Amino acid sequence: MSSAVSPLAPTDVPDMPPIAGVKLATAAAGIRYKNRTDVLLALLDPGTTVAGVFTLSKCPSAPVEWCRAKLKGGKARALVVNSGNANAFTGKTGKQSTALTAAIAAKAVGCKQDEIFLASTGVIGEPLDATKFDGVLEGLAGTATPEDWMGAARAIMTTDTFPKVATATVKLGKAKVTINGMAKGAGMIAPDMATMLSFIFTDAPITAPALQALLKAGVEDTFNAVTIDGDTSTSDTLLAFATGAAAAKGAPKISRISDPNAKAFVKAFNAVLADLAEQVARDGEGARKLVEIIVEGAKSKPSARRIAMSIANSPLVKTAIAGEDANWGRVVMAVGKAGEPADRDKLSISFNGIRVASKGARDPSYDEAEVSEAMKAQKVQIKVALGLGKGRDRVLTCDLTKEYVAINGDYRS
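Computed from a predicted structure; not experimentally measured.

(A) A look at the overall build of the chain. Helices and strands together make up the secondary structure of the chain, namely 11 helices and 15 strands. Compactness check: the chain gives a C-alpha radius of gyration of 22 Å against a globular reference of 22 Å for 413 residues, within 12% of the reference. Along the longest, intermediate and shortest principal axes, the C-alpha atoms of the chain span 70 × 55 × 35 Å. When burial is assessed residue by residue, the chain has 55% of its 413 residues classed as buried. Long-range pairs, those at least 24 residues apart, make up 80% of the contacts in the chain with a sequence separation of at least 6. If you average the places of the 50 positive and of the 42 negative side-chain charges in the chain, the two averages end up 6 Å apart.

(B) Representation of the UniProt feature "binding site: substrate" (unreviewed entry) in the chain within the structure. This chain's UniProt record puts "binding site: substrate" (unreviewed entry) on Thr 158, Lys 184, Thr 195, Glu 285, Asn 408 and Ser 413. Looking at the secondary structure, you find Glu 285 in the loop between α6 (263–282) and β10 (290–298). Mapped onto the secondary structure, Asn 408 falls in helix α11 (residues 402–409).

(C) Quick look at the environment of Lys 171. Relative to the assigned elements, Lys 171 resides in strand β6 (residues 164–172). Ignoring any residue separated from it by four or fewer positions in sequence, one finds Lys 171 in contact with Lys 176 and Ala 264.

(D) Quick peek at the packing of aromatic side chains. According to the stated counting rule, one finds 5 aromatic pairs in the structure shown. Relative to Phe 241, the ring of Phe 117 has its centre 6.3 Å away and its plane inclined at 75°; by these criteria the two rings are edge-to-face. Of the two residues, Phe 117 is situated in strand β5 (residues 116–123) and Phe 241 in strand β9 (residues 237–242); the sequence distance between them amounts to 124 residues. Each ring, one from Trp 149 and one from Phe 201, has its centre 5.4 Å from the other, and the planes form 70°; the classification is edge-to-face. On the criterion of sequence distance, the pair formed by Trp 149 in helix α4 (residues 149–155) and Phe 201 in strand β8 (residues 197–202) is long-range, its members being 52 residues apart. Three or more aromatic residues link up through ring pairs in this structure, and these residues are Phe 117, Trp 149, Phe 201 and Phe 241. The cationic tip of Arg 36 hangs over the ring face of Tyr 33; the distance from NZ or CZ to the ring centre is 4.1 Å. In this structure, Lys 70 packs its charged tip against the face of Trp 66, placed 4.4 Å from the ring centre.

What counts, and where the lines are drawn
- Residues numbered from 1 in each chain as written.
- Predicted model: local features only at pLDDT ≥ 70, side-chain atom pairs only at ≥ 80, totals over all residues.
- Heavy atoms only, no water.
- Helix = DSSP H or I, 4+ residues; strand = E, 2+ residues; numbered from the N terminus.
- Rg over C-alpha atoms; globule rule 2.2 N^0.38 Å.
- Buried < 20%, exposed > 50% of the residue type's maximum accessible area, 1.4 Å probe, protein only.
- Contact = heavy atoms within 4.5 Å.
- Lys, Arg positive; Asp, Glu negative; His and termini not counted.
- Charge placed at Lys NZ, Arg CZ, Asp CG, Glu CD.
- UniProt positions renumbered as here; feature names shortened; annotations may be inferred.
- Phe/Tyr/Trp six-rings, centres within 6.5 Å; stacked < 30°, edge-to-face > 60°.
- Lys NZ or Arg CZ within 6 Å of the ring centre and 35° of its normal.

Set out below in structure tokens:
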């Protein structure tokens, strides 16, 4: 974890209300460092439904494979998360570690191993000593409380500089339901179905299939529209848990996300995802600027997404932004290499609302001093208009600074 908080960190951190059916506890188990909080246990009441989306990496971590297999049951009683070790690329030892962790957790909670969900983040390739959870999880099960959301968010951090949390309260039927979320992620971020690690909790009564459909749809324009460095993690995990406790207050059960009763809930759920996704972009390793890239006038939305990601993942574009240089030539390059329909002579580019290029050339009204001043802002918007169709998309990224190299150059040392 970095000692300096990102200058892009949110200034307003929400108070995280308790959610009926969820209790949290954290501890220092010595997974990689001594005396550092590195384990989170979330206890979930019986009947809690679960959904998840995971990395599409062909080299997934052992916890990702565990969760995929257990998701079929649709029920969860506990979540165990550790930082410091990703338990990825660890062979048979990794699988044994997940099984042992689940067994220890199931005994501590008093449930089946199939109702335990796991996530790990940290160094890849190092064996995870699951015996370190022995005794620790039992203690956490006895001390868990509904309040410690910030402590939980801190426990899952690695190179993050601030804990990432978000919350929303919305009416479902005649009852109020709460949605709380936390996330971690600052590097190795180019999500492909999820983000590094993120966990969403609600007391809404929602079936596992409906929750899965909601989550899968929700990540597309939130977590999947964020990139820090173009590298998709082996450990990407996003899990959602619904305790159903609000049913006692009169909240109707959601069996399909198209249910008219669920409209406000779906909007609030997606807002929590979007909030967390933006916080991940704001905490990009070494970041000093949040970058919003909008591509419009593309042949289709997927085409716009691919072009936007080409721009967002370009080291040349990102370093130019770090240097506060509105180098539209690099944006042109990124558009051209995306492999999507584009017409040089119809292309327009703007930085923070100032058009710098249009119709295949520098804009006639271009003013270097004006643009240079605009590039000093903490948030930079790059808008690309292709003039080919109605496709539009938006992605978030950050600049690429010397600090990114420093953080990743000695990550294991």
